[in-house]
Amino acid sequence: QVQLVESGGGLVQAGGSLRVSCAASGSIFSVNAMGWYRQAPGHQRELVATITRGGITNYADSVKGRFTISRDNAKNTVSLQMNSLKPDDTAVYYCNAAIRVSTWSAPSDYWGQGTQVTVSS
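Rules used in this analysis
- The written sequence of each chain sets the order in which its residues are numbered from 1.
- Side-chain atom pairs in this predicted model are given and counted only at pLDDT of 80 or more, local residue features only at pLDDT of at least 70, and totals for whole chains, interfaces and linings cover all residues.
- Hydrogens are left out, water is left out, and the side-chain values use all remaining heavy atoms of the structure.
- Strands are runs of DSSP state E lasting at least 2 residues, helices are runs of H or I lasting at least 4, and numbering of each runs from the N terminus.
- It is over C-alpha atoms that the radius of gyration is taken, and the globule rule equals 2.2 Å times the number of residues to the power 0.38.
- Accessibility here uses a 1.4 Å probe with only protein chains present; expressed as a share of the type maximum, an area under 20% marks a residue as buried, one over 50% as exposed, and anything in between as partly exposed.
- Contacts are residue-level and defined by heavy atoms, with any inter-residue pair within 4.5 Å sufficient.
- Surface accessibility follows the Shrake-Rupley procedure with a 1.4 Å probe radius. Residue values consider only the protein chains on display as shielding.
- Under this rule, positive means Lys or Arg and negative means Asp or Glu; His and the chain ends count for nothing.
- Lys charges are placed at NZ, Arg charges at CZ, Asp charges at CG and Glu charges at CD.
- Each pair of aromatic rings taken from Phe, Tyr and Trp, with Trp reduced to its six-membered ring, is defined by centres within 6.5 Å and is described as stacked if the planes are under 30 degrees apart, edge-to-face if over 60, and tilted in the remaining cases.
- For a ring to carry a charge above it, either NZ of a lysine or CZ of an arginine must fall within 6 Å of the ring centroid while also lying within 35 degrees of the normal to the ring plane.
- Here, two cysteine sulfur atoms that lie within 2.5 Å of each other are counted as a disulfide.

Engineer: Can you walk me through the overall build of the chain in this structure?
Structural biologist: Within the chain, the secondary structure is distributed over 0 helices and 11 strands. When the helices and strands of the chain are listed from N to C terminus, the series reads β-β-β-β-β-β-β-β-β-β-β. At 14 Å, the chain has a C-alpha radius of gyration in line with the 14 Å of a compact globule built from 121 residues. C-alpha atoms of the chain, sized along the principal axes, occupy 50 × 25 × 25 Å. Going through the 121 residues of the chain one by one, you find that 40% of them count as buried. Within the chain, contacts between residues at least 6 apart in sequence are counted, and of these 57% link residues at least 24 apart. Per element, the accessible surface of the chain, about 6300 Å² overall, is 49% carbon and sulfur. Measuring between centres, the 10 positive side-chain charges of the chain sit 7 Å from its 7 negative side-chain charges.

Take a look at the structure:
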């Protein structure tokens, strides 16, 4: 059984900063790409940022220059530092990871339960 557990998030004023983190645990052979997605009320879930095991990052245009994704391969964790937050960043943020549970299995997608980020104007 694999679990992704998120922490962080909360309420912050516009212009402020927040950090969300996610830890993968359970029967893990290896963790490939990890990332963060978000879903605002009435909107589809959208990509925020991803990071490969080798550290190559990808960001949504809307967060470039403000958000930074990082990971610790030894601890199977991924974090998202969010600076210069805007009300439009308000959403539930979900952690995602492509995880192999054995040497002969292909990676499968796993999701965290989500953590609320609210930015007040």
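Engineer: In this structure, what is going on with the packing of aromatic side chains? I would like to understand it.
Structural biologist: For the coordinates displayed, the defined rule picks out 1 aromatic pair. For the ring pair Tyr37 and Trp111, a centre distance of 5.1 Å and an interplane angle of 65 degrees mean the geometry is edge-to-face. Here the residue Tyr37 occupies a position in strand β4 (residues 30-39), and Trp111 occupies one in strand β10 (residues 108-111), the gap between them amounting to 74 residues. In this arrangement the basic side chain of Arg45 is found over the ring face of Tyr94, its NZ or CZ atom lying 3.7 Å from the centre. Against the face of Trp111 rests Arg45, its NZ or CZ located 4.7 Å from the ring centre.

Engineer: Explain the state of the cysteines to me, please; I cannot follow it from the model alone.
Structural biologist: In protein chemistry, a disulfide is the covalent bond that joins the sulfur atoms of two cysteines. Scanning all chains against the criterion turns up 1 disulfide. The partner cysteine of Cys22 in its disulfide is Cys95, sulfur to sulfur 2.1 Å. Its torsion about the S-S bond being -80 degrees, the disulfide of Cys22 and Cys95 is classed as left-handed. Within this pair, whereas Cys22 is found in strand β3 (residues 18-26), its partner Cys95 is found in strand β9 (residues 91-100), the two being separated by 73 residues in sequence. Accessibility assignment for this pair places Cys22 and Cys95 in one class, buried.

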